[in-house]
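One-letter residues, chain by chain:
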Amino acid sequence: GVDQSFRMYRAEEKAGLRTKLGLPNDGSRLVLAFAKSFYKNEQTSLAVALKLQKACSQRVLLVRLGPVTTAWRENVRNAGMLGRVIEIAEVNWMWELYNAVDCLLFPSWYEGFGLPPIEAMACGIPVVTSNVAALSQVIGEAGLMAPPNDVGTLAEAVRLMLEDRTRRDEQIAKGLSHARKFSWERTARETVRVYERLLAREE
């Protein structure tokens, strides 16, 4: 389920969140990526962000959530992304970070479920993910997907979410609708039904 705190903020609230989180409020487009584990595929996130530097009309920065390591810093340098990445080790409230960025890039090699994309959708943030099994099943048509190593397609999907207002609004609407399916109330009801069926079999 997705907690009710994950909601879409108003435009003026979003500007305040950027200031609160130390993010630029200069019109830069911010793309959020996770990097807490190797399977989050940070190399692809960097490669996508690099392509966006030339493809987008506005400045694009990668906001990377996760512990900073020597290997990560080396990857940034090798990717030619020095000065184009904002590093955030941790945040208190994820719904604030989602509402402070323009798009979630989630090109994982695999996921057990993939809750962050659903949380981002609940906050009205368009989502671009890899099409690995769990994500493709959980997200469906509510997000844009491509293979985790298809940098070109992932970059074009993010570019659309940053620069094509019609497509962006369409995906936000799909995401908000989709995220409403993942409530704790629904989880509780369906769990109760499972126990009821098991008890009925024992009788």
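A brief look at the structure comes next.

Rules behind the numbers
- Residues numbered from 1 in each chain as written.
- Predicted model: local features only at pLDDT ≥ 70, side-chain atom pairs only at ≥ 80, totals over all residues.
- Heavy atoms only, no water.
- Phe/Tyr/Trp six-rings, centres within 6.5 Å; stacked < 30°, edge-to-face > 60°.
- Helix = DSSP H or I, 4+ residues; strand = E, 2+ residues; numbered from the N terminus.
- Buried < 20%, exposed > 50% of the residue type's maximum accessible area, 1.4 Å probe, protein only.
- Lys NZ or Arg CZ within 6 Å of the ring centre and 35° of its normal.
- Pairing = 2+ DSSP bridges.
- Right-handed = clockwise from strand over helix to strand, strands pointing away.
- Contact = heavy atoms within 4.5 Å.
- Axes fitted to C-alpha atoms, helices over the stretch in contact; angles between N-to-C directions.
- Core = buried A, V, L, I, M, F, W, Y, C linked by side-chain atoms within 4.5 Å.

## Some thoughts on the packing of aromatic side chains
Part 1: Within the structure shown, the criterion is met by 8 aromatic pairs.
Part 2: For the ring pair F6 and Y98, a centre distance of 6.0 Å and an interplane angle of 50° mean the geometry is tilted. In this pair, F6 is assigned in the segment before α1 (11-20) and Y98 in helix α4 (residues 94-100), connecting sequence segments 92 residues apart. Each member of the pair F6 and Y98 is classed as buried.
Part 3: Aromatic side chains Y39 and Y110 sit 4.7 Å apart centroid to centroid with 25° between the ring planes, which places their arrangement in the stacked category. Of this pair, Y39 sits in the loop between β1 (29-34) and α2 (42-55) while Y110 sits in the loop between β4 (103-106) and α5 (115-122); the two residues are 71 residues apart in sequence, bridging distant segments of the chain.
Part 4: Assessed through its relative accessible area of 43%, Y110 is described here as partly exposed.
Part 5: Positioned over the ring face of Y9 is R7, at 4.1 Å from the centre of the ring.
Part 6: The lysine or arginine in question, R64, covers the ring of W72, its NZ or CZ lying 4.1 Å from the ring centre.

## Remarks on the pairing of β1
Part 1: Counting buried positions over the 6 residues of β1 gives 6, a clear majority of the element.
Part 2: What you see with β1 is no split at all: R29, V31 and A33 on one side and L30, L32 and F34 on the other are buried throughout.
Part 3: Here β1 runs beside strand β2 (residues 60-65); their pairing, made up of 6 bridges, is parallel. Residue pairing for β2: R29 is matched across the bridge by V60.
Part 4: The parallel pair β1 and β2 is bridged by α2, and the resulting crossover is right-handed.
Part 5: Alignment of β1 against β4, held across 3 bridges, turns out to be parallel. Within β4, the position partnered with V31 by the bridge is C103.

## With respect to α5
Part 1: Summarising burial for α5: 7 of the 8 residues are buried, a large majority.
Part 2: Against β1, α4, β4, β5 (127-130), α6 (133-139) and α8 (165-179) lie the buried residues of α5.
Part 3: Just past α5, the residue G124 takes up positive phi, approximately 75°.

## Considerations on the sheet that holds β2
Part 1: Spatially, β3-β2-β1-β4-β5-β6 is the arrangement adopted by the 6 strands of the open sheet, whose pairing is parallel. With partners counted over all chains shown, the strands left at the sheet margins are β3 (85-88) and β6 (144-146), one partner each. The mean inter-strand angle of the sheet, taken between neighbouring strand axes irrespective of direction, is 20°.
Part 2: Of the strand pairs in this sheet, β2 and β3 are connected by 4 bridges, and their pairing is parallel. Across the sheet, residue V63 finds its bridge partner in β3, namely I86.

## Thoughts on the nonpolar core
Part 1: Judged by nonpolar contacts, the single largest core of 35 residues is most densely connected at F6, L23, L32, F34, V63, L97 and Y98.
Part 2: Secondary structure elements with two or more residues in this core: β1, β2, β3, α4, β4, α5 and α6.
Part 3: Here this core gets 5 residues from one element, more than from any other, and that element is α4.
Part 4: Those residues in contact with Y98 that sit more than four places away from it in its chain are F6, L32, F34, P116, E119, A120, C123 and I125.
Part 5: With 26 residues, the next largest nonpolar core counts C56, V60, W72 and L154 among its residues.

By themselves, these figures tell us nothing about what the structure is for.
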